[in-house]
Amino acid sequence: MKKGLRIAAGLVLLVLVVALTVNFIVIGGAKPHIADPADVGTGYDCILVLGCQVNGETPSDMLRDRLDRAVALYKAGVSDTLLLSGDHLSREGYDEVTAMQKYVVGQGVPQEAIRLDLAGFSTYESMYRAREVFGMRQVLVVTQPYHLYRAVYVARRLGLEATGTQSMPNRYVYPLYNQVREVLARNKDFLYSFVKPKP
């Protein structure tokens, strides 16, 4: 029994070491390509906004902060296109993309400047589709800082010339939960970025 416990403990430790190693690889690979919003430059094919929770047609605080930053960057001339990518009706009555679209139009972005990815069900899928479906090459990704590392790392692994910049800063509920969940998600998308499965 003692031998079995030692083996189990060793396996748990190995998994933990691998997970943390991958986590630091993703952060290290993305960090040089993350810029302050004031320093992102111009000339991007699009500003890519990743979807997040909505309540009916109302964006959550996290999503609203992403959209507000994207609108500000659009109005500053960083790109003439917003690509809004999220969950569109994977379950009845839930539609991130339409809520995102209505919000940015309400902030003064013309409809012709908006492109909608209706199947951005995950960060990996959003990045894959940005290149393969929408033909983007140079993209500016807008999301929360903890999420930027994974988003930019995956985008660049898939061949996008991606730069990341943070959404409007804010404090959110459950920050520790978000960080722990993100470590696991980085490991999943690290694997996906090598295997490159079709969404």
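All values reported here derive from a predicted model rather than from experimental measurement. (Residues numbered from 1 in each chain as written. Predicted model: local features only at pLDDT ≥ 70, side-chain atom pairs only at ≥ 80, totals over all residues. Heavy atoms only, no water.)

Enquirer: Just to check I follow, could you spell out the overall build of the protein chain for this structure?
Expert: Secondary structure summary: the protein chain contains 6 helices and 7 strands in total. In the protein chain, the succession of α and β elements from N to C terminus is α-β-β-β-α-β-α-β-α-β-α-β-α. Computed over the C-alpha atoms, the radius of gyration of the protein chain is 18 Å, within 12% of the 16 Å expected from 2.2 N^0.38 for a compact globule of 199 residues. Taken along the three principal axes of its C-alpha coordinates, the protein chain extends 65 × 35 × 35 Å. Taken over 199 residues, the protein chain has a buried fraction of 46%. Excluding contacts between residues fewer than 6 apart, the proportion of contacts in the protein chain whose partners are at least 24 apart in sequence is 73%. Accessible area for the protein chain stands at about 10,400 Å²; split by element, carbon and sulfur atoms hold 58% of it. Positive and negative side-chain charges of the protein chain, numbering 23 and 19 respectively, have mean locations separated by a distance of 12 Å. (Helix = DSSP H or I, 4+ residues; strand = E, 2+ residues; numbered from the N terminus. Rg over C-alpha atoms; globule rule 2.2 N^0.38 Å. Buried < 20%, exposed > 50% of the residue type's maximum accessible area, 1.4 Å probe, protein only. Contact = heavy atoms within 4.5 Å. Areas by Shrake-Rupley, 256 points an atom, 1.4 Å probe, with all protein chains shown as cover. Lys, Arg positive; Asp, Glu negative; His and termini not counted. Charge placed at Lys NZ, Arg CZ, Asp CG, Glu CD.)

Enquirer: Explain the nonpolar core here, please?
Expert: Nonpolar side chains in soluble globular proteins tend to end up buried together. The biggest cluster of nonpolar side chains holds 27 residues, and the ones touching the most others in it are Ile 47, Leu 67, Leu 82, Leu 84, Val 104 and Val 109. For this core, the secondary-structure elements that each account for two or more residues are β1 (46-50), α2 (61-75), β4 (82-85), α3 (96-106) and β6 (138-143). In terms of residues, this core owes the most to one element, α2, which gives 7 residues. Here Val 109 is in contact with Val 71, Tyr 74, Leu 82, Val 104 and Ile 114, once residues within four sequence places are set aside. Cys 46, Tyr 128, Val 141 and Ala 151 belong to the second largest nonpolar core, which has 18 residues in total. (Core = buried A, V, L, I, M, F, W, Y, C linked by side-chain atoms within 4.5 Å.)

Enquirer: I keep staring at the sheet that holds β4 and nothing clicks. Help me out?
Expert: In a beta sheet, neighbouring strands are held together by backbone hydrogen bonds and run either parallel or antiparallel to one another. Spatial strand order, β5-β4-β1-β6-β7: 5 strands in an open sheet with parallel pairing. Looking along the sheet, the strands with just one partner apiece sit at the ends: β5 (114-117) and β7 (161-166). The average undirected angle you get between the axes of adjacent strands in this sheet is 25 degrees. Where β1 lies against β4, 4 bridges are found, and the strand directions are parallel. Each bridged residue has a counterpart across the sheet, and for Leu 50 the counterpart in β4 is Ser 85. Sheet contacts for α3: β1, β4 and β5; angle to β4, the most-contacted strand, approximately 150 degrees. The strands touched by helix α5 (residues 145-157) within the sheet are β1, β6 and β7, with β7 carrying the most contacts at an inclination of about 175 degrees. (Pairing = 2+ DSSP bridges. Axes fitted to C-alpha atoms, helices over the stretch in contact; angles between N-to-C directions.)

Enquirer: Can you walk me through the packing of α2 against α3 in this structure?
Expert: Geometry of a packed helix pair, given as the angle between the helix axes and the separation of the axes. Following both chains from N to C, one finds α2 and α3 inclined at 45 degrees, their axes separated by 10 Å at the closest point. Here α3 runs oblique to α2, going by the angle between their axes. Where α2 crosses over α3, the two elements pack in a sense that is right-handed. Counted together, Leu 63, Arg 64, Leu 67, Asp 68 and Val 71 of α2 and Met 100, Tyr 103 and Val 104 of α3 form the full contact between these two elements. (Parallel < 35°, antiparallel > 145°, perpendicular 65-115°, else oblique. Left-handed = near helix turned anticlockwise from the far one by under 90°.)

Enquirer: Before we go on, may I ask you to explain unusual backbone geometry in this structure?
Expert: Peptide bonds are mostly trans, and most non-glycine residues show a negative phi. We note that Leu 89 has phi near 65 degrees; this positive angle belongs to a residue other than glycine. Examined against the element boundaries, Leu 89 turns out to sit in the loop between β4 and α3. On the basis of relative accessibility, which here comes to 47%, the residue Leu 89 falls in the partly exposed class. Its identity as a non-glycine residue notwithstanding, Lys 196 has a phi of 55 degrees, on the positive side. Locating Lys 196 in the fold gives a position in the segment after α6 (175-195). Its relative accessible area of 34% is what places Lys 196 among the partly exposed residues.

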